[in-house]
Each structure stands twice: as C-alpha cells, then as structure tokens.
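The lines below spell out each chain.
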Amino acid sequence: MATIEECRAALEKLSDNMAGADGHVREATALDRSVSCHIRDLDVTFVGRMRDSRIEVHDTLQGPPSEKAQIRLAMTGDDLVALVHGDLHFAKAWGSGRVKLEAGFRDLLQLRKLL
C-alpha cells in the first residue's frame with residue numbers, strides 16, 4: 001500500500017508532467033480550478049488548485065474532502081502511483097470504477113483531452 005508521502009510525490013510528478021506537456025494535453029491542463037484527490041485506502045485528501053498547468057497541493061486532510069472542489073478525484077494510493085508512473089491507464093481505471101473523476105460538464109470536456 002502506498003504511503004501518504006508516496007502519494008504526495010506522485011501528485012508532484014503529475015504536476016511536473018502536466019507543466020512539461022504540450023499540444024492538447026497542455027491545453028487541457030490550463031484550467032484554474034480547485035482540486036481534491038481523496039486516497040480511499042489511506043482516508044486522506046490532498047486539496048489544492050490546478051493553475052498554470054500545475055497542481056499546487058495546499059493541504060492534506062484526514063478523511064474525505066470537507067468542501068466540494070471543482071475537480072474531484074478518488075482512488076487508492078497504489079492506483080495513483082500506478083497512474084502517474086504509466087502502469088495504469090486512466091480511461092480503463094475510470095471506466096472500471098477504480099478511479100472516480102467528478103467535475104462540471106465543461107471541465108470534463110476539457111479534461112477528456114488528457115485521456
């Protein structure tokens with residue numbers, strides 16, 4: 001099982017990958033939105049902001065998110081690490097329910113470019 005530190009490192013790597021992307025991926029990550037990522041098996045939530053093609057984690061909270069972020073993710077720590085390292089395909093994980101992504105319709109249309 002991935003640790004909180006490994007999950008935070010995975011989010012930092014994801015942020016670095018987003019910042020280094022170009023084309024449609026760069027366009028999809030150019031949103032300015034609040035973000036939460038609930039790690040179900042650790043029962044912690046990373047909260048922050050997606051801005052300038054990066055994810056800035058501001059806080060780590062115990063339990064599910066207390067406020068509804070504009071973009072919400074939920075998964076296990078192992079799945080987060082596997083997604084970021086390319087060992088798990090996001091669309092398959094989302095389709096099977098391993099990863100949950102909730103956002104407004106317009107944001108989902110924009111984020112689909114990442115798939």
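The structure under discussion appears in the preceding block.
The structure contained in this document is the topic of the report that follows. All residue numbers here refer to positions counted from 1 along the written sequence of the relevant chain. Note on the predicted model: pLDDT of at least 70 is required for a residue's local features to be given, and 80 or more for side-chain atom pairs to be given and counted; whole-chain, interface and lining totals, by contrast, use all residues. Based on all heavy atoms of the structure, the side-chain values leave hydrogens and waters out of the count.

With that settled, the discussion passes to the pairing of strand β2 (residues 44-51). Two elements, strand β1 (residues 33-39) and β2, share seven bridges in a ladder whose sense is antiparallel. In the strand pairing of β2, S34 is matched with R49. Between the end of β1 and the start of β2, which pair antiparallel, lie four residues, with D43 showing a positive phi angle near 50 degrees. Two strands are counted as paired when DSSP detects at least two bridges linking them. What counts as a helix is a DSSP run of H or I of at least four residues, what counts as a strand is a run of E of at least two, and both are numbered from the N terminus. Pairing of β2 with strand β3 (residues 54-62) involves eight bridges; the strand directions are antiparallel.

Glancing now at the pairing of strand β5 (residues 100-103). Residues L101 and A103 line the buried face of β5, whereas the alternating positions K100 and E102 sit on a face that is not buried. Two elements, strand β4 (residues 71-75) and β5, share four bridges in a ladder whose sense is antiparallel. Each residue of the ladder has a partner; that of R72, found in β5, is E102. For each residue, the accessible area found with a 1.4 Å probe, counting protein chains only, is set against the maximum for its type, and the residue is called buried under 20%, exposed over 50%, and partly exposed in between.

Core analysis: the largest hydrophobic core is formed by 27 residues, its most contacted members being C7, I39, M50, I71, M75 and L80. Among the elements of the structure, α1 (4-19), β1, β2, β4, α3 (77-84) and β5 are those that each provide at least two residues to this core. In this description, a nonpolar core means a group of buried Ala, Val, Leu, Ile, Met, Phe, Trp, Tyr and Cys residues linked to one another through side-chain atoms lying within 4.5 Å.

With a 1 Å grid laid over protein atoms only, a set of points is called a cavity when a 1.4 Å probe fits there but cannot get out and a pocket when it is open yet has protein on both sides within 12 Å along at least five of seven lines; lining residues have an atom within 4 Å of a point. Grid points are joined across faces, edges and corners, and a volume is the space filled by probe spheres set on the points. Applying the stated rule across the entire model yields one cavity of 30 Å³ or more. At the level of secondary structure, the elements contributing two or more residues to the lining of the largest cavity comprise β1, β2 and β3. Broken down by element, the lining of the largest cavity gets its largest block of residues, three residues, from β2. Following the grouping adopted for this structure description, the nonpolar residues are Ala, Val, Leu, Ile, Met, Phe, Trp, Tyr, Cys and Pro, the charged ones are Asp, Glu, Lys and Arg, and the polar ones are all others, Gly among them. Across the lining of the largest cavity, the residue classes break down as eight nonpolar, one polar and no charged.

This part takes up the sheet that holds β4. Strands sit in the order β3-β2-β1-β4-β5 across an open sheet of five strands; the sheet is mixed. In this open sheet, the two strands that pair with only one neighbour each are β3 and β5. Averaged over all neighbouring strand pairs, the angle between strand axes comes to 20 degrees, with direction disregarded. The strands touched by α1 within the sheet are β1, β2 and β3, with β3 carrying the most contacts at an inclination of about 160 degrees. Should any heavy atoms of two residues lie within 4.5 Å, those residues are considered in contact. In this analysis, axes come from line fits to C-alpha atoms, helices being fitted only over the stretch in contact, and the angle between any two N-to-C directions falls in the range 0 to 180 degrees. Against the sheet, α3 engages β1 and β4, with an angle of about 110 degrees to β4.

With respect to the helices and strands, the residue H38 is situated in strand β1. Under the rule applied, a polar contact is a pair of N or O atoms within 3.5 Å (in protein, one hydrogen donor and one hydrogen acceptor; residues adjacent in sequence only if both atoms are side-chain atoms). A polar side-chain atom of H38 sits 3.4 Å from the main-chain carbonyl oxygen of G63. When near neighbours in sequence (up to four residues on either side) are disregarded, H38 contacts D43, V44, T45, G63, P64, P65, L73, A74 and M75.

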